[in-house]
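Inside the fold
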Amino acid sequence: MLNTQTIKEYAYSLGFDAARITSAAAFPEAKQVIQERIGRGLMDGLPWFTSERAEISCHPDALLPEAQSIITLALCYLTEQPVEADETKPHGRISRYAWGDDYHDIIKPRLQQFANWLKDYARDEWDQDIETRLFVDTGRMVDRAVAQRAGLGWYGKNTNILTKGWGSWVFLAEIVTNLPLQPDEALKANCGSCEICLHACPTGALPNPYELDSPKCISFLTIELRGSIPLEMRPLMGNLIFGCDICQEVCPVNKVAEKRLGLRDIHGKPIVPLQSIQKRTEQVADSNANKVFRPQIEFQAHPAVGSTPELIPLLSLTEEEFRERFRRSPIKRTKRRGLLRNVCVALGNSKDPQAIPALEKALHDEEALIRGHAAWALGSIGGSSAVQALQEALTTEEDVEVQKEIKYALTMA
Ligand code: B12
Ligand code: SF4
Ligand code: SF4
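The protein chain is annotated in an unreviewed UniProt entry as Epoxyqueuosine reductase of Dictyobacter kobayashii.

Of the regular secondary structure elements, the protein chain holds 18 helices and eight strands. Relative to the compact-globule value of 22 Å for 413 residues, the protein chain shows a C-alpha radius of gyration of 23 Å, a close match. Burial analysis of the protein chain (413 residues in total) assigns 53% to the buried set. Relative to all contacts within the protein chain whose residues are 6 or more apart in sequence, the contacts with residues 24 or more apart total 77%. In the protein chain, which carries 47 positive and 55 negative side-chain charges, the distance between the mean positions of the two groups comes to 3 Å.

Before going further, it helps to spend a moment on the domain arrangement of the protein chain. Examined at the domain level, the protein chain breaks down into domain 1 (4-77 + 99-177) and domain 2 (315-334 + 350-413). A straight line from the C-alpha centre of domain 1 to that of domain 2 covers 40 Å. Facing four residues of domain 1, the contacting portion of domain 2 comprises four residues. Taken together, the two surfaces of domain 1 and domain 2 that pack against each other cover about 350 Å², and 34% of this comes from carbon and sulfur. Interface area lost by domain 1 to domain 2 is led by G100, D101 and D102, which between them contribute 79%. For K332, the salt bridge identified is with D102, shortest N-O distance 3.3 Å. At the boundary of domain 1 and domain 2, one finds three residue pairs in polar contact (both at pLDDT 80 or more). Broken down by class, the residue content of the side of domain 1 that touches domain 2 amounts to no nonpolar, one polar and three charged.

Take the nonpolar core next. Formed by 119 residues in total, the largest nonpolar core has its most connected members in F16, I71, I107, F114, L315, I331 and L359. A per-element tally of this core places helix α5 (residues 103-126) first, with eight residues. Residue-level mapping places this core at the junction of two domains, with at least three residues from each of domain 1 (4-77 + 99-177) and domain 2 (315-334 + 350-413). Judged by nonpolar contacts, the second largest core, of five residues, contains W154, L162, C251 and V253.

With that out of the way, let us pick up the sheet that holds strand β1 (residues 18-23). Ordered by their spatial adjacency, four strands build an open sheet running β1-β2-β7-β4, and the pairing between neighbours is antiparallel. The open sheet is flanked by β1 and β4 (132-135), the only strands paired with a single partner. Averaged over all pairs of adjacent strands, the angle between their axes in this sheet comes to 20°, without regard to strand direction. Sheet strands touched by helix α1 (residues 4-13): β1 and β2 (69-76). Its angle to β1, the strand with the most contacts, is close to 140°. Against the sheet, α5 makes contact with β2, β4 and β7 (170-177), and its axis sits at roughly 30° relative to β7, the strand it touches most.

Counting buried residues along β2, eight of its eight residues qualify, which places the element largely inside the surrounding structure. Here β2 shows two buried faces, one formed by S69, I71, L73 and L75 and the other by I70, T72, A74 and C76. Bridge count between β1 and β2: six bridges; the pairing is antiparallel. Looking at the pairing, I21 lines up with I71 of β2.

Criteria and cut-off values
- Residues numbered from 1 in each chain as written.
- Chains lettered and ligands numbered in written order.
- Predicted model: local features only at pLDDT ≥ 70, side-chain atom pairs only at ≥ 80, totals over all residues.
- Heavy atoms only, no water.
- Helix = DSSP H or I, 4+ residues; strand = E, 2+ residues; numbered from the N terminus.
- Rg over C-alpha atoms; globule rule 2.2 N^0.38 Å.
- Buried < 20%, exposed > 50% of the residue type's maximum accessible area, 1.4 Å probe, protein only.
- Contact = heavy atoms within 4.5 Å.
- Lys, Arg positive; Asp, Glu negative; His and termini not counted.
- Charge placed at Lys NZ, Arg CZ, Asp CG, Glu CD.
- Domains from an automatic or database assignment.
- Buried area = accessible area lost by both parts, 1.4 Å probe.
- Salt bridge = Lys/Arg side-chain N within 4 Å of Asp/Glu carboxyl O.
- Polar contact = N/O pair within 3.5 Å; in protein donor to acceptor, adjacent residues only side chain to side chain.
- Nonpolar A, V, L, I, M, F, W, Y, C, P; charged D, E, K, R; others polar.
- Core = buried A, V, L, I, M, F, W, Y, C linked by side-chain atoms within 4.5 Å.
- Pairing = 2+ DSSP bridges.
- Axes fitted to C-alpha atoms, helices over the stretch in contact; angles between N-to-C directions.

Structure, rendered in structure tokens:
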């Protein structure tokens, strides 16, 4: 059997922050939980997330015949947040994982390099050809269940995997192989009596510990949802325009990790976790404290994207400008229409009259989705010029859904 420490050392040399191993046995509990959640509508809005997919993703041998082991990997994406410039203008918020380059593009080549190394090793040492399959996020694999069983981390009540030392600020990836490897044990750590994240979620998307109601999650609403954002959710979304980190930002385990890495908040102040909370969690974090932190350059906030971009200029992005600006960013997933829809909601929530001229222009965008959300934003800001713009648009608007949005906005304004 290959010394698993050699594998872990190689993972670290590739820049991964944690590496553990589990067997390729099935994940019956995860399968049961996922089927039950699909049945209760908690995964609604993700049409690709089917029972069939869950069945396969919980059986590694359906993905690689004769699979024996899974190497699970974590890559920390904590980097310094740029200090917010010009606080007099309305700003949006982008979730941390999307400040820099798309993690899929960063992790995949490393996984490939890892697999090549493993294959060469097996060939040289035992004259054996081995098989591998690589996963990061989009593959049919239960990333979090694998990480939990391998002891890479534990399930947080916000459903994210919390790791020792990096908190939940990690991406997860796996290599499934037919190579037999000594598995690691699951961790005994858990969240204890803490429930901070459940109360912090602005939309009630965490109704119970370890349970996410996806259709209510701002991450789903801003990234995955293709159509109109439900009216009742819009006021709860604040200025979040791509993803949401609230249930991670409030997490004491994460705060300890941020402090350990010497990060500062948006105002340039050092992160200081509450003393009482730090005491409870520092033992957990410290066990990994001797590992050197190497911030991944690719995850640093990209100047063209930033972490808190000004909202009004985003509304005038053309299709080409959108493509160019978010070429390497995960934000390209929403397409222009999705991002500008989110920007309209954030501007509506800002209640800032500075946004009215840009929103008036967006009322005539070629995309009905953007026109409808611009109408809502004008209704939310209110005032005579917003009302006038809405009334004028109603005389020319031909799309029935947008007409409904405008009429509703006029009742708000
Ligand atoms: C679909 C998906 C989403 C959907 C739906 C989320 C959902 N309901 O799972 C949406 C778009 C909302 C989403 C949002 C986010 N996502 Co996402 N998402 C996924 C994806 C593709 C599948 C997740 C899945 O299988 N969900 C089904 C649910 C039922 O499974 P689960 O969450 O693992 O649930 C487990 C626990 O609830 C546990 N459990 C259940 N009951 C109990 C009871 C007890 C007592 C215990 C201990 C455990 C427990 O068992 C379940 C089965 O394993 C994975 C990638 C992948 N291929 O796995 C990424 C992934 C989970 N996402 C990730 C991230 C980063 C995010 C966001 C933080 C992004 C953002 N900043 O906006 C948010 C976080 C929202 C949140 N609070 O979870 C990371 C998480 C990394 C981590 N540290 O955990 C992953 C792993 C991607 C990656 N490869 O890095 N995501
Ligand atoms: S990501 Fe945001 S909306 Fe989703 S569960 Fe966490 S706090 Fe709630
Ligand atoms: S905030 Fe508390 S309950 Fe939520 S994941 Fe972090 S430690 Fe667990």
